[in-house]
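# Architecture at a glance
Listed below, chain by chain, are the residues.
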Amino acid sequence: MIRENIETKVLIVGGGPTGLFASILLSQCRIPHILIERRVDLTDAPAAHVINVRTTEIFRQAGIEMDALYALDHHPEARLITWSQLPGAPVLGQLDLSANREALKARGSASQDHSANISQHLLERFLRGIAEKSEFSDIRFGVKWEGLSNTQNRINRVSSINSDTYSISADYLLAADGASSSVSRALDIQMIGPDHLATFLNLSCEVSIDDVSPESGTLLYWLMDPEMRGVMIVHDPKHLAVVMQLINVPYETFNDYDDARCESLLEKIFRGNAYRLIHKSVWRMTAQIAENFRQGNVFLIGDSAHRFPPTGGLGLNTAIADVHNLVWKLAAAINNDLDAESRESLLNSYESERKPVAQRNTDASNLNNEKMMEVVEALGLDPRKADLLPKIMNSFLIRHLPKGLRQKIKAVLLKPARALIAAAAANDQEGEEIRKRISKAVENQEEHFSMLGLELGYIYKKGVVSSEAEHTPESEVMTYTPSFAAGARLPHCAIERNGKLASTLDLANYNSFLSLKSGESREIDFPTFGYSVTEIDVAELGVNNIDLSEGEYLLVRPDGHIAVRGNP
């Protein structure tokens, strides 16, 4: 029985980083809202960890204190990607992210902010602390979304941890409830793309990797041992690492990795050093995009709208940009007196702008995932035979043999691959030749870890942009090319404001449009959906690298993208 009905402007379903950041921006726009999260509390298990430069820029505009944000990075010196049999074993290949000086220089000039390695559980707690302080937010953990009660998608049934059931009526619903989104399923929104690329066992461990391996600057270890295929992510070299062990579906399942087997794996990986397993879970890697990002007054944001392989760390970052794109549009629909046509055009632009970005990011993540096999091939292994060991060991006949005999068969099957690894690690001519091949394959992985063009150079071709945006070129994946054309993010230029060093990005206010002009310009002929326009003459900024001729102007949206470039 429904106990009560609560009215609000916006309901957010999901209390991860995506939903919490949506709450922060809605509060910035002074919009009352409720956020519900089925978990009673946030977990201490890390998930995503790469916060790219565009995300840090967005956080800055949202008023987040940047020193406090960057302090959450517990591995700021991480610069190495290491391939070895196990951590601490001889290095077979290594990518030094600090070696490409030209790329580092380009990153430094592209933004006043930088990327960071911030474990998702730390980011969640940080964002929750900010979200809960607002008078406009009502953050409710331990509350589950149960479904919709009417055809207008306005009334939501929810239940709390104490089994109370009530309803929340909201003008708009934001589905931030992740890859297994209940909201998306309830609306029967189809996901397009492969629903299974791989399955991983995630083992979050309290451990000092500095005691395990001398490669102290390593962020990722790609484990080449045929028995422990996967990756180890170092979140904090003194305290926290996550082992992602490949589960060879359909020959293995999560249930095959009981505590004893997990302990055996971790003992080998950590080379007998002390550790504590703090979280164990299974994760299925997919590459899917929702058929629709909007259905009526419901909007999919983050993983409910798109799911990528982790290669490139684009999932969380794409989600934050989704929110940044959407909330100012919702605010205009709620706070400003828009006619129905303008409101629908504005809200529809969320999908038309964000879906192509999600598709490009999916394609890049898939390519990165596929290219990783080049390193395996350079070692001399055949990736197509990767499931041979679990296939044989989990066959009906082998499963019913005595344990000792199974171990002997397993050792025989592992011997050829381990012999290749030993040969690659050997200090002789053969080993040197193998490592040269691996090194060449490793160099080809740089794009996986250096995607500044993808982070900053995406263009909104259609939506709240002028028709010229269709002709604005996008940056290459690795190389960011600043553009002052329609659809592009306003480029960063160092400026001085009120006696302090700042950025052109600081001029964009999330509650208004910005007109950057050169001298007297003609009247702006572009809809601003009830938002005011702040005018600034570039001559006041003391810089000469803003690409504007006399009489030209840039109309910059609240989210920092250029809506139109106006001519004299």
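Quick look at the structure, then. All values reported here derive from a predicted model rather than from experimental measurement. (Residues numbered from 1 in each chain as written. Predicted model: local features only at pLDDT ≥ 70, side-chain atom pairs only at ≥ 80, totals over all residues. Heavy atoms only, no water.)

A count of helices and strands for the protein gives 17 helices and 26 strands. Counting across all 568 residues of the protein, residues that qualify as buried make up 54%. The contacts in the protein between residues at least 6 apart in sequence include a share of 71% that link residues at least 24 apart. Carbon together with sulfur atoms contributes 49% to the accessible area of the protein, which is approximately 24,900 Å² in total. Averaging the coordinates of the 58 positive side-chain charges in the protein and doing the same for the 75 negative ones gives two points 6 Å apart. (Helix = DSSP H or I, 4+ residues; strand = E, 2+ residues; numbered from the N terminus. Buried < 20%, exposed > 50% of the residue type's maximum accessible area, 1.4 Å probe, protein only. Contact = heavy atoms within 4.5 Å. Areas by Shrake-Rupley, 256 points an atom, 1.4 Å probe, with all protein chains shown as cover. Lys, Arg positive; Asp, Glu negative; His and termini not counted. Charge placed at Lys NZ, Arg CZ, Asp CG, Glu CD.)

As a further point, take helix α5 (residues 120-131). Compared with the 16 Å implied by 1.5 Å per residue over twelve residues, the 16 Å span of α5 between its first and last C-alpha is a close match. Taken residue by residue, α5 has Q120, H121, L123, E124, F126, L127, R128 and A131 as its buried positions. (Expected span 1.5 Å × (residues − 1).)

Looking now at the packing of helix α1 (residues 17-28) against helix α9 (residues 315-335). When two helices pack together, their arrangement is captured by the angle between the axes and the distance separating the axes. Between α1 and α9, the shortest axis-to-axis distance is 9 Å and the interhelical angle comes to 25°. Overall, the two elements α1 and α9 adopt an arrangement that is roughly parallel. The chirality of how α1 crosses α9 is right-handed. Between α1 and α9, the residues in contact are P17, T18, F21, A22, L25 and L26 and L316, A319, I320, V323, H324 and V327, respectively. Class assignment of the residues belonging to the contact of α1 with α9 gives a composition of ten nonpolar, two polar and no charged. (Axes fitted to C-alpha atoms, helices over the stretch in contact; angles between N-to-C directions. Parallel < 35°, antiparallel > 145°, perpendicular 65-115°, else oblique. Left-handed = near helix turned anticlockwise from the far one by under 90°. Nonpolar A, V, L, I, M, F, W, Y, C, P; charged D, E, K, R; others polar.)

Secondary-structure assignment places R418 in helix α14 (residues 403-425). With relative accessibility at 30%, the residue R418 sits in the partly exposed group. Apart from the residues lying within four places of it in its own chain, the contact partners of R418 are Q85, D225, P226, E227 and M228.

Before going further, it helps to examine the pairing of strand β23 (residues 513-517). For β23, a buried count of five out of five residues is recorded, marking the element as mostly surrounded by other parts of the structure. Judged by which residues are buried, β23 turns out to be covered on both faces: F513, S515 and K517 on one side and L514 and L516 on the other are all buried. As judged from the five bridges shared by β23 and strand β24 (residues 533-537), these two strands associate in the parallel manner. Counted as the bridge partner of S515 is E535 from β24. Of the pairings in the sheet, the one linking β23 to strand β25 (residues 553-556) comprises four bridges and is antiparallel in character. Its bridge partner lying in β25, S515 is registered against L555. (Pairing = 2+ DSSP bridges.)

Ordered in space as β24-β23-β25-β26, the four strands form an open sheet in which the pairing is mixed. With one partner strand each, in any of the chains shown, β24 and β26 (562-566) form the two edges of the open sheet. Taken over all neighbouring pairs, the strand axes of this sheet differ in orientation by 15° on average, direction set aside.

Where helix α2 (residues 53-61) meets α9, the closest approach of the two axes is 9 Å, and the angle between their N-to-C directions is 35°. Crossing of α2 over α9 shows left-handed handedness. Residue-level inspection shows R54, T55, I58, F59 and Q61 of α2 in contact with α9, the latter providing N317, I320, A321 and H324. Residue composition of the contact of α2 with α9, grouped by class: four nonpolar, four polar and one charged.

Turning to the nonpolar core, a few remarks are in order. Counting residues in each nonpolar core, the largest one holds 97 residues, and the members touching the most others are L11, F21, I36, F59, L69, W145 and L174. Top element by residues in this core is α9. It accounts for twelve residues. Excluding its chain neighbours within four sequence positions, the residues that come into contact with I36 are L11, I12, V13, G14, G15, R140, V143, K144, W145, V158 and I168. (Core = buried A, V, L, I, M, F, W, Y, C linked by side-chain atoms within 4.5 Å.)

This next bit is on the pattern of salt bridges. Evaluation of the coordinates by the stated rule reveals 33 salt bridges. Notably, a salt bridge pairs E37 with R39, separated by 2.9 Å at the nearest N-O pair. In this structure, E432 engages K436 in a salt bridge whose closest nitrogen and oxygen atoms are separated by 3.9 Å. Taken together, the residues span about one helical turn, with E432 and K436 both in helix α15 (residues 429-443) at a distance of four residues. (Salt bridge = Lys/Arg side-chain N within 4 Å of Asp/Glu carboxyl O.)

Taken in spatial order, the three strands make up an open sheet running β11-β17-β20, and their pairing is antiparallel. The outermost strands of the open sheet, each flanked by one partner alone, are β11 (191-192) and β20 (306-307). Packing of helix α10 (residues 340-371) onto the sheet brings it into contact with β17 (288-290) and β20, and relative to β17 it is tilted by some 175°.

Considered for burial, the residues of helix α8 (residues 259-269) that qualify are C262, L265, L266 and I269. Burial along α8 is one-sided: seen end-on, the buried residues are contained in an arc of 95°. Directly beyond the C-terminal end of α8, a positive phi value near 55° is found at R271. (Arc of directions from axis to C-beta.)

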